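Residue-level structural notes
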Amino acid sequence: MSLSQPAPNAEEIREIVASHLNLEGPLLPIFHALQEQFGCVPQAALPVIAEALNITRAEVHGVMSFYHDFREVPAGRHVVKICRAEACQAVGADALAARTLEKLGTEWHGTTANGAVTIEPVYCLGLCACGPAAMVDNKVVGRVDDAKMAKLLAEAGA
């Protein structure tokens, strides 16, 4: 767990799950609530969710892994997403991404050793005419080149 998020507590996991059982289709709201509380959906929560919803752990895991915004481990203090869609690829996003990953010393979905930045791919940020595009902590940035990325990463503490 990151320093900014509390460690998962079994009782708290059960309380969060129970508080959403009255909803129609409670699985995604449960995931959101757990991630908000712990910075991720802890593995310890999967069997609790499965039992409460009377579904298999495989079904719980399948839904969680389908949605890329749910995490198994907490993210760094800042999340940088680089667009991987075709329009951004056409203007150099793949090369930018490769250089950024190399600079950070991590792979996609990885976090820098100092915990400052988690790097993720995203498929279209809606800035197709201003690619390559990135998102830093939910702020979209267009026309990202190496210099702009270096500035964004420096501001994030990477």
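Scroll up to find the structure this text is about.
**Examining a nonpolar patch on the surface**
A grouping of Leu28, Phe66 and Tyr67 is seen on the molecular surface, where their side chains present a nonpolar patch of about 290 Å² in accessible area. Of note, Leu28 is situated in helix H2 (residues 27-38). Residue classification places Leu28 among the partly exposed positions, given a relative accessible area of 31%.

**Description of the environment of Val60**
Relative to the helices and strands, Val60 is located in helix H4 (residues 57-66). When the C-alpha atoms of Val60 and Ala45 are compared, they prove to be 9.8 Å apart, with 15 residues separating the residues in sequence. Dropping the residues within four chain positions of it, Val60 is found in contact with Phe31, Leu46, Ile49, Ala50 and Ile55.

**Some points on the environment of Ala98**
Along the chain, Ala98 turns up in helix H6 (residues 93-104). Since its relative accessible area comes to 44%, Ala98 is described here as partly exposed. With 10 residues separating them in the primary sequence, Ala98 and Trp108 have C-alpha atoms 9.8 Å apart.

**Looking at the pairing of strand E2 (residues 117-122)**
Counting buried residues along E2, 6 of its 6 residues qualify, which places the element largely inside the surrounding structure. Neither face of E2 is left uncovered, since the one carrying Val117, Ile119 and Pro121 and the one carrying Thr118, Glu120 and Val122 both have all their residues buried. Strand direction decides the pairing type here: strand E1 (residues 78-83) and E2, joined by 6 bridges, are parallel. Along E2, the bridge assignment pairs His78 with Val117.

**A few points about the pattern of salt bridges**
All chains considered together, the criterion is met by 7 salt bridges. The salt bridge involving Lys81 is made with Asp69; its shortest N-O contact spans 3.1 Å. Taken together, the positions of Lys81 in strand E1 and Asp69 in the loop between H4 and E1 put the pair 12 residues apart, joining distant regions of the chain. Taken together, the shared-partner salt bridges connect Asp69, Arg71, Lys81 and Glu120 into one network.

**What about helix H7 (residues 146-156)?**
For H7, the complete set of buried residues consists of Met149, Leu152, Leu153 and Ala156. Viewed end-on, H7 has its buried residues packed into an arc of 95 degrees, placing them on one side of the element. Facing away from the buried side of H7 by more than 90 degrees, the exposed set consists of Ala147, Lys151, Ala154 and Glu155. The inward-facing, buried residues of H7 contact E1, H6, E2, strand E3 (134-136) and strand E4 (139-141). Capping the start of H7, Asp145 holds a side-chain oxygen 3.3 Å from the backbone nitrogen of Ala147, two or three residues further along. At the exit of H7 stands Gly157, carrying a positive phi of roughly 90 degrees.

**Some words on the packing of aromatic side chains**
According to the stated counting rule, one finds 3 aromatic pairs in the structure shown. Between Phe66 and Tyr67, the aromatic rings sit 4.9 Å apart at their centres with planes inclined by 90 degrees, giving edge-to-face as the arrangement. Residue Phe66 is classed as exposed on the basis of its relative accessible area, which comes to 58%. A centroid spacing of 6.1 Å and a plane angle of 80 degrees characterise the contact between Tyr67 and Phe70, whose relative ring orientation is edge-to-face. Site record: aromatic cluster; members linked through ring pairs are Phe31, Phe66, Tyr67 and Phe70.

**Thoughts on the environment of Ala87**
With respect to the element layout, Ala87 can be found in helix H5 (residues 86-89). Judged by relative accessible area, Ala87 falls into the partly exposed class, the value being 31%. Expressed as a C-alpha distance, the spacing of Ala87 and Ala133, which sit 46 residues apart in the sequence, is 9.6 Å.

Cut-offs and rules
- Residues numbered from 1 in each chain as written.
- Predicted model: local features only at pLDDT ≥ 70, side-chain atom pairs only at ≥ 80, totals over all residues.
- Heavy atoms only, no water.
- Patch = residues over 30% accessible without salt bridge, like charges linked within 9 Å, V, L, I, M, F, W, Y side chains within 5 Å.
- Areas by Shrake-Rupley, 256 points an atom, 1.4 Å probe, with all protein chains shown as cover.
- Salt bridge = Lys/Arg side-chain N within 4 Å of Asp/Glu carboxyl O.
- Helix = DSSP H or I, 4+ residues; strand = E, 2+ residues; numbered from the N terminus.
- Buried < 20%, exposed > 50% of the residue type's maximum accessible area, 1.4 Å probe, protein only.
- Contact = heavy atoms within 4.5 Å.
- Pairing = 2+ DSSP bridges.
- Arc of directions from axis to C-beta.
- Polar contact = N/O pair within 3.5 Å; in protein donor to acceptor, adjacent residues only side chain to side chain.
- Phe/Tyr/Trp six-rings, centres within 6.5 Å; stacked < 30°, edge-to-face > 60°.

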